[in-house]
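The primary structure of each chain is shown beneath.
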Amino acid sequence: MNISFSSFYNSFPFLIFAVFMEGKKPIVMSGIRPTGFLHLGNYFGAIRNYVRMQDEFECFFMVADLHSLTTHPDTRHLKANVHRVLAENIACGLDPEKAALYCQSHVYETSELYLYLNMLAYKGELEKTATFKDKVRLQPENVNAGLLTYPVLQAADIILHRASLVPVGKDQEQHLEMARNFVNRFNHRYGDVFPEPQAFNYSEQLVKVPSLDGTGKMSKSENQMATLYLADTDDMIRKKVMKAKTDMGPSEPNSEKPDYIENLFLLMKLVSGNDVINKFENDYKNCHIRYGDMKKQLAEDMVNFISPIRGRVEDILGDEIYLKQVMEVGAEKARKSAKATMLLVRESMGLKYF
Ligand code: TRP
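Residues numbered from 1 in each chain as written. Predicted model: local features only at pLDDT ≥ 70, side-chain atom pairs only at ≥ 80, totals over all residues. Heavy atoms only, no water.

**Points about the site of the ligand**
Contacts to the ligand come from 14 residues, most closely from Arg33, Tyr150, Gln154, Asp157 and Gln172. Interatomic distance of 3.0 Å between a side-chain N/O atom of arginine 33 and an oxygen atom of the ligand. Side-chain polar atom of tyrosine 150 to a nitrogen atom of the ligand: 2.7 Å apart, as the coordinates give it. Here the shell around the ligand gets four residues from one element, more than from any other, and that element is helix H10 (residues 150–159). Its residues assigned to classes, the shell around the ligand comprises seven nonpolar, five polar and two charged. (Near = heavy atom within 4 Å. Polar contact = N/O pair within 3.5 Å; in protein donor to acceptor, adjacent residues only side chain to side chain. Helix = DSSP H or I, 4+ residues; strand = E, 2+ residues; numbered from the N terminus. Nonpolar A, V, L, I, M, F, W, Y, C, P; charged D, E, K, R; others polar.)

**What about a negative patch on the surface?**
Taken together, Glu314, Asp315, Asp319 and Glu320 make up a surface patch of like negative charges. Within the secondary structure layout, aspartate 319 lies in the loop between helix H15 (291–317) and helix H16 (320–349). (Patch = residues over 30% accessible without salt bridge, like charges linked within 9 Å, V, L, I, M, F, W, Y side chains within 5 Å. Areas by Shrake-Rupley, 256 points an atom, 1.4 Å probe, with all protein chains shown as cover. Salt bridge = Lys/Arg side-chain N within 4 Å of Asp/Glu carboxyl O. Lys, Arg positive; Asp, Glu negative; His and termini not counted. Charge placed at Lys NZ, Arg CZ, Asp CG, Glu CD.)

**Things to note about the pattern of salt bridges**
Inspection of the entire model under this criterion finds 18 salt bridges. Glutamate 112 is the salt-bridge partner of arginine 346, the closest N and O atoms lying 2.8 Å from each other. Of the two residues, arginine 346 sits in helix H16 while glutamate 112 sits in helix H6 (residues 109–118), which places them 234 residues apart along the sequence. In this structure glutamate 112 comes out as partly exposed when scored by relative accessible area, which is 22%. Taking the shortest distance from any N to any O, the salt bridge between glutamate 281 and lysine 257 comes out at 2.9 Å. (Buried < 20%, exposed > 50% of the residue type's maximum accessible area, 1.4 Å probe, protein only.)

**Re empty space enclosed by the protein**
Enumeration according to the criterion identifies one cavity of 30 Å³ or more in this entry. Estimated volume of the largest cavity: approximately 30 Å³. If you trace the largest cavity, you find it lined by Ser211, Leu212, Asp213, Gly214, Tyr260, Asn263, Leu264 and Leu267. Residue composition of the lining of the largest cavity, by class: four nonpolar, three polar and one charged. (1 Å grid on protein atoms, 1.4 Å probe; cavity = no way out; pocket = protein on both sides within 12 Å on 5 of 7 lines; lining within 4 Å. Points joined across faces, edges and corners; volume = space filled by probe spheres on them.)

Below you can see the structure in the form of C-alpha cells.
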C-alpha cells in the first residue's frame with residue numbers, strides 16, 4: 001500500500017495516530033545504497049522529497065553500507081562511495097542538522113535486531129523475494145546468506161527507529177510488505193513494540209524522469225549516455241542532451257507528441273522556466289519547432305541546474321573533517337533512538353535475567 005501525503009493526513013487512522021502521538025512528529029526512515037553516482041531520477045524521484053520531509057517529520061536517512069556487502073564484497077571503493085553518497089545528498093539539500101544522516105555500520109544495534117528478526121523470517125518467503133531471485137540470476141557465483149536475508153536487514157533498519165513512514169520507490173514495496181510481516185510476528189509473539197511501516201511519498205511529486213534515449217527512466221545501470229548524473233561535467237551534460245532522439249517535427253498543427261519528444265518536454269519542465277516551456281509548446285503546436293534550439297536550451301538549463309550541485313559535492317568531498325563530523329553527529333542521533341528501541345526489544349523478548 002502506498003499512502004499519499006494528502007490522503008494520509010485526511011485519513012481516520014492518521015487522526016487516531018496523531019492523537020496518540022500528542023504532537024510528536026511521525027518518524028520517517030529510508031536507506032540509500034552507496035553503489036554509484038546519483039542521477040537526475042534519484043534527485044526528482046527521491047532526494048527532493050527527503051528534503052521536504054526533513055522539515056515535517058523526524059527523519060532518519062541512512063547509507064546502507066552493510067547491504068552493499070551482499071553484492072559488492074570488495075570494499076576497496078567503499079569509503080569513497082560512502083563519502084560521495086553523503087556529499088551528494090547534502091549538496092541536494094539534506095541537512096545533517098535536521099535529519100539524522102548516518103551510516104548503517106555505525107549503529108551496531110542494527111546487527112543485533114537483524115539477528116532477532118532472522119528467527120522470525122522463513123526460508124521459503126525469503127527465497128520467493130523478487131530481488132533475491134534477480135540477484136541469484138545476476139551473481140550465481142555468490143548467492144550468500146546475506147543476500148537471502150537482505151529484506152530482514154532492511155526491516156531492522158526501519159523498525160530500529162520505530163519508523164512508520166518509508167519513502168521508497170515501487171521496487172521496494174515487497175521488502176516493506178515483508179517488514180510488516182516481521183513486525184506483526186514480533187508484536188504477536190512478544191508484545192506490541194513496533195508500528196507497521198508503510199511506503200510513503202508526496203503523491204503530487206511522484207515524477208518519473210525519462211531517459212534521454214526515449215526508453216524508460218533514467219537509471220544507474222542502464223544506458224549511461226541516456227542518464228544525467230549529478231557528477232556530469234557541463235560538456236558531458238550538453239553532449240548527452242544534444243544526442244537525445246528527435247525527428248523532422250510535426251507536419252500538422254496540434255499533433256500528438258511521440259514519446260521521445262514528450263520526454264524532452266518533461267525534462268524541460270523539471271529545470272526550465274515557464275516562458276521557455278510555453279515558447280517551445282507553441283512552436284510545437286504551430287509546427288515551427290526547431291529541436292536543435294530546444295535541446296540547446298534544455299542543455300543550458302540542465303547545466304545551470306546540475307553544475308551548482310556538482311560544485312557543492314566537490315567542496316564537501318574535499319572537506320574530510322566536515323564529513324567525519326556529519327557521520328559522527330548522525331550516528332549519535334541514530335544510536336540514541338536505536339538504544340531506546342533495543343531496551344524495549346530485549347525486555348519484551350525476555351532476554352533479561354536479572
Ligand atoms: N534496499 C533499499 C534499496 O535498494 C535500500 C535500503 C536499505 C532501505 N535499508 C533501507 C530503504 C531501509 C528503505 C528503508 O534502495
